[in-house]
Amino acid sequence: MSIQQKISFRIEGMSCASCVNNAEKALTSVLGVSSASVNLATETAHVTYSPPADINALTTALNHSGYPASSKQITLQISGMSCASCVGRIEKALSAENGILNASVNLATETAQVQYIPSIVSVDNIAKIVTQSGYPAKIGLADTKSDEERKAQEISRLGRITLFAACLAFPVFLIEMGGHVIPGLHEWLSQSIDLLINHLIQFTLTTIILLGPGLRFYTKGFPALFKGAPDMNSLVALGTSAAYGFSLVATFTPDLLPQGTANVYYEAAAVIVVLILLGRYLEARAKGRTGAAIRKLINLQAKTARVERNGDTLQLSIEEIVTGDIIHVRPGEKIAVDGAVITGNSYVDESMITGEPIPVEKKGGSVVVGGTVNGTGALTFKATKVGKDTMLAQIIKMVEEAQGTKLPIQGMVDKVTSWFVPAVISIAFLTVLSWLVWGPDPALSFALVAGVAVLIIACPCAMGLATPTSIMVGTGRAAEMGVLFRKGDALQTLQKTTIVAVDKTGTLTEGKPELTDIETANGFSEQKVLRLIAAVEKKSEHPIAEAIVRAAEKKELTMPSVENFSSVTGYGVQAVVEGKSVLIGADRFMLREGIDLGDLKAIGQALGKKAKTPLYAAIDGQAAAIFAVADPIKESTPSAIQALHNLGLKVAMITGDNKGTAEAIARELGIDHVIAEVLPEGKVAALKDMKSDLVTLAFVGDGINDAPALATADVGIAIGTGTDIAIESADVVLMSGDLRGVVNAFDISKHTMRNIRQNLFWAFGYNTILIPVAAGVFYPINGTMLSPALAAGAMALSSIFVLSNALRLRWVKPVLLE
């Protein structure tokens, strides 16, 4: 009989008794759950269960019901990983722990992102699980400086021990293999040094290498092998041990070996260790470069700022700044934190945040962003966001999370690498057996060389690095271009996208109405009419009224005082200005008041067909002018739409605006499909109508009303100038305020996925082709045997190729410059 377990954890999203019932039904539907009690007041669930039920099954059921279990996420720093098998082993250990919902280990960043339920498993236990698996772990990313120092020290240490091992291995290699390069060397050595002394010199130097620089392979590889979870270190340990062990027998007890087989392979063991250490050293240097984008972002932060406190101006570190502090910025200085300008006027270079090269004017009331660079003016601003709440900190967090994401394509790699190392050990065993049975004399020597070569050449380092390094560099480069992947898997999903649906207001257009046209009737001047109607509209809070007032202010018109102002709902506004009765509104307002529009009516109809909103003004009962207000299309929109079409994508527009205006804009921009006059929930329905099994859909929006649509689409892309709610609902965030970033997002996605496929093709192709070569399949044909030392070099070269190929993404250029 299965032992029943009891568990308690918090649930999110409940608001009433129905929620409680739904959550309880979801829990009790899981096979093995005997009872479930949910408390609305404490927002907790108490569950009694037995296998096959487990915490993952319970949380999955709750997620499907819409009431997810409350969870947290931590980042672990992990040392000692060397290949995809290490990644698989750690993930397996973490996933087996009750209370851990998801664990994603990234070989390239040497970190693990762990989602867990705090009430079930503690953070300390999570770190302990990884450490007990053989990979020391600590909680949370170290501060950037110490982390960089740690990596720099590791690179330096690897370099030193590699050089030390190489100095010891060179004489061994020269003694045993130098005759192939230097004529007469073997003859000279055999005449000068006794064979036993020769072997003892090689034994001594090789032993120092294996027990010194190479010891790491044995302390990690053999325990992993004995636990039934062999990794790359196990392959190296097995291969070098076989070569070294055979050489020991040949040196000290040669009579135990068949006649003619007492050869030594010290040079194979020594050179393998040197070449693999060299590969690790080069990998560490290359991996350091893959995180360059994060370091660049972090280096944007100012270290200190001049802060006004109690009447004094102090030089403080940014860690000491608090919300509400008054900060002074001199010309050319970096802005320390996010804030709002109080006094001063300047232009600020925000290109490192938005990707847009043109400096932005800042004056009283303007928002400034930490990490940007002030121009020639001086500013004083009030800190509104500090520390982890600043935009730059949020960007860094988004990029880090995206870099730690595992793409769907990685699932295939994980499945292969889970059985790859055991399969290689089996192949090596069969190789040795085959040579012993069918190989020519000395069969034992041939078998040893082939078996060791198979073990060494098949190390799955390249497989483990193929995907995460490309993601790191690709998402980092995207961030430099102003494209933030909040969810790394959007990189892959974007490649399947066939339709890009966009919101109109604020995405295609500026999102702010402007006065575009004004035509006056006979006897009225434009300046006089604009002055009067602007005075009236200044009393209104309508966006159209604001557009008219802005137009008058730009022309520096003085607006007189207004009397008897009133708003007529659904029609317009009216007031008395300088003794004149002024009416402003739609044509129906003029009709109701008995005002003859004359020629202005035809002009209004023409403006309406151009996606503009026509309004009329009457002064003292006579039609005085027609003016049009429109939300202007962003200057960058036409080129962005064309670029999306060039990528083979269809573009759809979903808007709450009236159909006539929407269709006029669609005609002007060449948009393929229009859905107009929809409410926020209508946008979701429209997306669902367009989606099918054959269609992958991206949606671009910026407002609160776009959040449901952003969450519904296969990929939600938020314009960074939009609301926080929209950004939180999106998979991709564009720091710039227009569609050019969408084009760049698709392009960096294309480059990154192509890079990943290249890496995987190389990694798998390399092993597929070279394992048979190492096993000696060409020996019967042309006498070719792959030495273990060459196998080690080829293995290291494979990893370097993958890393170098990923680093090429650092030079991807934006398709459309911001």
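As the structure is a computational prediction, the values presented were derived from the model and not from experiment.

### Looking at the overall build of the protein
The number of helices and strands found in the protein is 30 helices and 29 strands. Within the structure as shown, the protein displays about 36,500 Å² of accessible surface, and the carbon and sulfur contribution to it stands at 56%.

### Some thoughts on the pattern of salt bridges
Enumeration according to the criterion identifies seven salt bridges in this entry. As a salt-bridge pair, glutamate 514 and arginine 550 come within 3.5 Å of each other at their nearest N and O atoms. Of the two residues, glutamate 514 is situated in strand 19 (residues 514–520) and arginine 550 in helix 20 (residues 543–554); the sequence distance between them amounts to 36 residues. When the shortest N-O distance is used, the salt bridge between arginine 592 and glutamate 593 registers 3.2 Å.

### Observations concerning the UniProt feature "transmembrane region" (unreviewed entry) in the protein
Residues given the UniProt feature "transmembrane region" (unreviewed entry) here are residues 158–175, 195–215, 235–252, 264–282, 416–438, 444–467, 760–779 and 785–807. What you have in residues 195–215 is 86% helix and 0% strand, and the ends, taken at the C-alpha atoms, are 28 Å apart. Between the first and last C-alpha atoms of residues 785–807 the distance is 33 Å; the span itself is 87% helix and 0% strand.

### A closer look at the sheet that holds strand 26 (residues 673–675)
Taken in spatial order, the seven strands make up an open sheet running 17-29-28-27-18-25-26, and their pairing is mixed. Two strands in the sheet have a free side with no partner beyond their single neighbour: strand 17 (483–485) and strand 26. Geometrically, the sheet is characterised by an average inter-axis angle of 20° between neighbouring strands, direction not taken into account. Bridging between strand 27 (residues 697–701) and strand 28 (residues 715–719) involves four bridges; their strand directions are parallel. The residue bridging valine 700 from the neighbouring strand is isoleucine 717, located in strand 28. Helix 28 (residues 740–775) contacts strand 17, strand 18 (499–503), strand 27, strand 28 and strand 29 (732–734) of the sheet and is inclined by roughly 55° relative to strand 17.

### As for the sheet that holds strand 6 (residues 111–116)
The sheet built from four strands is open, its strands ordered 5-6-4-7 with antiparallel pairing. Among the strands making up the open sheet, the edge pair consists of strand 5 (100–106) and strand 7 (137–139). For this sheet the average axis-to-axis angle between neighbouring strands, irrespective of direction, equals 25°. Two elements, strand 5 and strand 6, share six bridges in a ladder whose sense is antiparallel. Within strand 6, the position partnered with isoleucine 100 by the bridge is tyrosine 116.

### Quick notes on the packing of aromatic side chains
This model, assessed by the stated rule, comprises eleven aromatic pairs. Consider the rings of tryptophan 435 and tyrosine 779, whose centres lie 5.5 Å apart with planes at 70°: the pair is edge-to-face. Here tryptophan 435, found in helix 14 (residues 408–438), pairs with tyrosine 779, found in helix 29 (residues 779–782); they are 344 residues apart in sequence, far enough to count as distant. Accessibility expressed as a relative area gives 25% for tyrosine 779, which makes it partly exposed.

### Focus: the environment of tryptophan 435
Accessibility expressed as a relative area gives 8% for tryptophan 435, which makes it buried. Other than its neighbours up to four places away in sequence, tryptophan 435 contacts Pro440, Ala443, Phe446, Ala447, Ala450, Ala775, Gly776, Tyr779 and Met785.

### A short note on the confidence of the model for the protein
Chain-level pLDDT for the protein is 81 on average; 86% of the residues reach the 70-or-more range. Within the protein, helix 27 (residues 724–729) has the poorest average pLDDT of any element, 61, and strand 10 (residues 326–329) the best, 93. Between residues 141–146, whose pLDDT stays under 50, and residues either more than four places distant or in other chains, the model counts seven contacts.

### Details of the pairing of strand 27
Taken across its five residues, strand 27 has five buried, putting it largely inside the fold. Both faces of strand 27 are covered, namely the face carrying Leu697, Phe699 and Gly701 and the face carrying Ala698 and Val700. In this sheet, strand 27 lies alongside strand 18 in parallel orientation, the contact comprising four bridges. Across the sheet, residue alanine 501 finds its bridge partner in strand 27, namely phenylalanine 699.

### Section: helix 20
Relative to the 16 Å expected for twelve residues at 1.5 Å per residue, helix 20 spans 17 Å between its end C-alpha atoms, a close match to the ideal helical length. For helix 20, the set of buried residues is Ile544, Ala545, Ala547, Ile548, Val549, Ala551 and Ala552. Turning to helix 20, the residues buried within the fold contact strand 19, helix 19 (526–537), strand 23 (613–619) and strand 24 (622–630). Downstream of helix 20 by a residue or two, glutamate 556 has a phi angle that is positive, lying close to 60°.

### What to know about the packing of helix 15 (residues 443–457) against helix 28
With their axes 8 Å apart at the nearest point, helix 15 and helix 28 run at an angle of 165° to one another. Of the possible angle classes, the one that applies to helix 15 and helix 28 is roughly antiparallel. Handedness of the helix 15/helix 28 crossing: right-handed. For the pair formed by helix 15 and helix 28, the contact residues are Ala450, Ala453, Val454 and Ile457 on the first element and Tyr766, Asn767, Leu770, Ile771, Ala774 and Ala775 on the second. Class assignment for the residues of the contact of helix 15 with helix 28 results in nine nonpolar, one polar and no charged.

### Notes on a nonpolar patch on the surface
A surface patch of nonpolar side chains, amounting to about 680 Å² of accessible area, comprises Phe429, Leu430, Leu433, Leu436, Val437 and Trp438. By the element assignment, valine 437 lies in helix 14. For valine 437, a relative accessible area of 53% gives the class exposed.

### Describing the packing of helix 8 (residues 215–226) against helix 9 (residues 232–252)
For the pair helix 8 and helix 9, the least separation of the axes is 7 Å and the interaxial angle reads 105°. One element, helix 8, and the other, helix 9, form an angle in the roughly perpendicular class. Within the contact between the two elements, helix 8 uses Phe217, Tyr218, Lys220, Gly221, Phe222, Ala224 and Leu225 and helix 9 uses Asn233, Ser234, Val236, Ala237, Leu238, Thr240 and Ser241. Across the contact of helix 8 with helix 9, the residue classes tally to eight nonpolar, five polar and one charged.

Thresholds applied
- Residues numbered from 1 in each chain as written.
- Predicted model: local features only at pLDDT ≥ 70, side-chain atom pairs only at ≥ 80, totals over all residues.
- Heavy atoms only, no water.
- Helix = DSSP H or I, 4+ residues; strand = E, 2+ residues; numbered from the N terminus.
- Areas by Shrake-Rupley, 256 points an atom, 1.4 Å probe, with all protein chains shown as cover.
- Salt bridge = Lys/Arg side-chain N within 4 Å of Asp/Glu carboxyl O.
- UniProt positions renumbered as here; feature names shortened; annotations may be inferred.
- Pairing = 2+ DSSP bridges.
- Axes fitted to C-alpha atoms, helices over the stretch in contact; angles between N-to-C directions.
- Contact = heavy atoms within 4.5 Å.
- Phe/Tyr/Trp six-rings, centres within 6.5 Å; stacked < 30°, edge-to-face > 60°.
- Buried < 20%, exposed > 50% of the residue type's maximum accessible area, 1.4 Å probe, protein only.
- pLDDT = per-residue confidence, 0-100.
- Expected span 1.5 Å × (residues − 1).
- Parallel < 35°, antiparallel > 145°, perpendicular 65-115°, else oblique.
- Left-handed = near helix turned anticlockwise from the far one by under 90°.
- Nonpolar A, V, L, I, M, F, W, Y, C, P; charged D, E, K, R; others polar.
- Patch = residues over 30% accessible without salt bridge, like charges linked within 9 Å, V, L, I, M, F, W, Y side chains within 5 Å.

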